[in-house]
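A look at the structure
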Amino acid sequence: MSDCIFCRIATGEIPATTLYDDGEILAFRDINPEAPVHVLLIPRRHIATLNDLAAADATLIGRLYLAGKQVAAELGVAESGYRTVINCNRDAGQIVFHIHMHLLAGRELGWPPG
Ligand code: 5GP
Ligand code: ZN
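Residues numbered from 1 in each chain as written. Chains lettered and ligands numbered in written order. Predicted model: local features only at pLDDT ≥ 70, side-chain atom pairs only at ≥ 80, totals over all residues. Heavy atoms only, no water.

Details of the sheet that holds strand β4 (residues 82–85)
In plain terms, the rule: By this definition, two strands are paired if DSSP reports at least two bridges between them. Counting from the N terminus, the helices are DSSP H or I runs at least four residues long and the strands are E runs at least two residues long. Axis definition: a line fitted to C-alpha atoms, limited for helices to the stretch in contact. Angles are taken between N-to-C directions and run from 0 to 180 degrees. Whether two residues are in contact is decided by their heavy atoms, any of which lying within 4.5 Å being enough.
Strand order in the open sheet formed by 5 strands is β1-β2-β3-β5-β4, and the pairing between neighbours is antiparallel. Each end of this open sheet is capped by a strand with a single partner; those strands are β1 (18–21) and β4. When the angles between neighbouring strand axes are averaged without regard to direction, this sheet yields 20 degrees. Both strand β3 (residues 37–43) and strand β5 (residues 101–105) contribute to a ladder of 5 bridges, which runs antiparallel. Across the sheet, the residue bridging to Leu41 is Met101, located in β5. Relative to β3, helix α2 (residues 58–74) is tilted by about 150 degrees, and along the sheet it contacts β1, β2 (25–29), β3, β4 and β5.

Written out as C-alpha cells, the structure is:
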C-alpha cells in the first residue's frame, strides 16, 4: 500500500470525485476548493515534484495540459477563464508530493498571487 495520498486516489483506495480518466491522467475535485471550480489533475505514475521530471515525461506533461483543457471545457469555464498551477516545493506551498496541476475557475482569481 502506497503512503502517497494521490497514488491511493489513483488506485481507487481513497475515493475522489473523478471528472476525467484516460488511464494515464486522472482529474478529480480538490477536497478543499479555493474557487467554485477547483480540480486536480495527476499522472497515475508517481512523480514527486516538477524537479523530478525527465525528458521522457514531456508527452505526459503535455497530456496533463490537454486533459485540463478538456475538463475546463466540460465544466463550462473555458471561455470565462481558468488558471492552471503546479506548485513545486516549500516556497510554492506544495503539500502533496505527487505532481498535480490545479485547475481553478469560476471567479476572478486575481493576479499576481499574494
Ligand atoms: P499543493 O499545495 O500540494 O499544491 O496542493 C495539494 C492539494 O491537494 C490541496 O489543494 C488539497 O486541498 C488537496 N488534497 C489534499 N488531500 C486530498 C484528498 O485526500 N483528496 C482530494 N480530493 N484533495 C486533496
Ligand atoms: Zn504518488
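Things to note about the coordination of the zinc ion (ligand 2)
To keep things clear, this is the line we draw: Nitrogen, oxygen and sulfur within 2.8 Å of a metal are treated as its donors, or within 3.2 Å for sodium, potassium and calcium (Na, K, Ca); water is not counted, so a site can appear incomplete. Exposed residues in this analysis have more than 50% of their type's maximum accessible area, buried residues have under 20%, and partly exposed residues fall in between, with area computed by a 1.4 Å probe over protein chains only.
Distances from the zinc ion (ligand 2) to its protein donors, namely Cys4 (SG), Cys7 (SG), His46 (ND1) and His98 (ND1), fall within the range 2.0 to 2.3 Å. Mapping the donors of the zinc ion (ligand 2) onto the primary sequence yields the spacing C-x2-C-x38-H-x51-H. Of this pair, Cys4 sits in the segment before α1 (5–11) while His46 sits in the loop between β3 and α2, placing them 42 residues apart in sequence. In this structure His46 comes out as partly exposed when scored by relative accessible area, which is 40%.

Here we look at the environment of Arg107
Defined as follows: Counting of polar contacts relies on pairs of N or O atoms within 3.5 Å, with two restrictions inside protein: one atom must be capable of donating a hydrogen and the other of accepting it, and residues adjacent in sequence are counted only when both atoms are side-chain atoms.
Counting through the fold element by element, Arg107 comes out in the segment after β5. Residues Arg107 and Ser80 lie 27 residues apart in sequence; the distance between their C-alpha atoms is 8.9 Å. With residues near it in sequence (within four places) discarded, Arg107 still touches Glu34, Ala35 and Pro36. A polar contact of 2.7 Å, which involves the side chain of Arg107, links it to the backbone oxygen of Glu34.

Notes on the site of ligand 1
Put simply, the rule reads: If a single non-hydrogen atom of a residue is within 4 Å of a molecule or strand, that residue counts as near it. Computed with a 1.4 Å probe, the accessible areas rest on the Shrake-Rupley method; for each residue, only the protein chains presented here act as cover. Gly is put with the polar residues, along with every residue not named as nonpolar or charged; the nonpolar set is Ala, Val, Leu, Ile, Met, Phe, Trp, Tyr, Cys and Pro, and the charged set is Asp, Glu, Lys and Arg.
The environment of ligand 1 is made up of 16 residues, and the closest members are Asp30, Gly93, Ile95, His100 and His102. At 2.5 Å from an oxygen atom of ligand 1 is found a side-chain nitrogen or oxygen belonging to Asp30. Here a nitrogen atom of ligand 1 sits 3.3 Å away from a polar atom, N or O, in the main chain of Ile31. Considered on its own, ligand 1 offers 520 Å² of accessible surface; in the complex 85% of this is hidden by protein. Those elements that place two or more of their residues in the shell around ligand 1 are α1 and β2. In the shell around ligand 1, the residues fall into 8 nonpolar, 6 polar and 2 charged.

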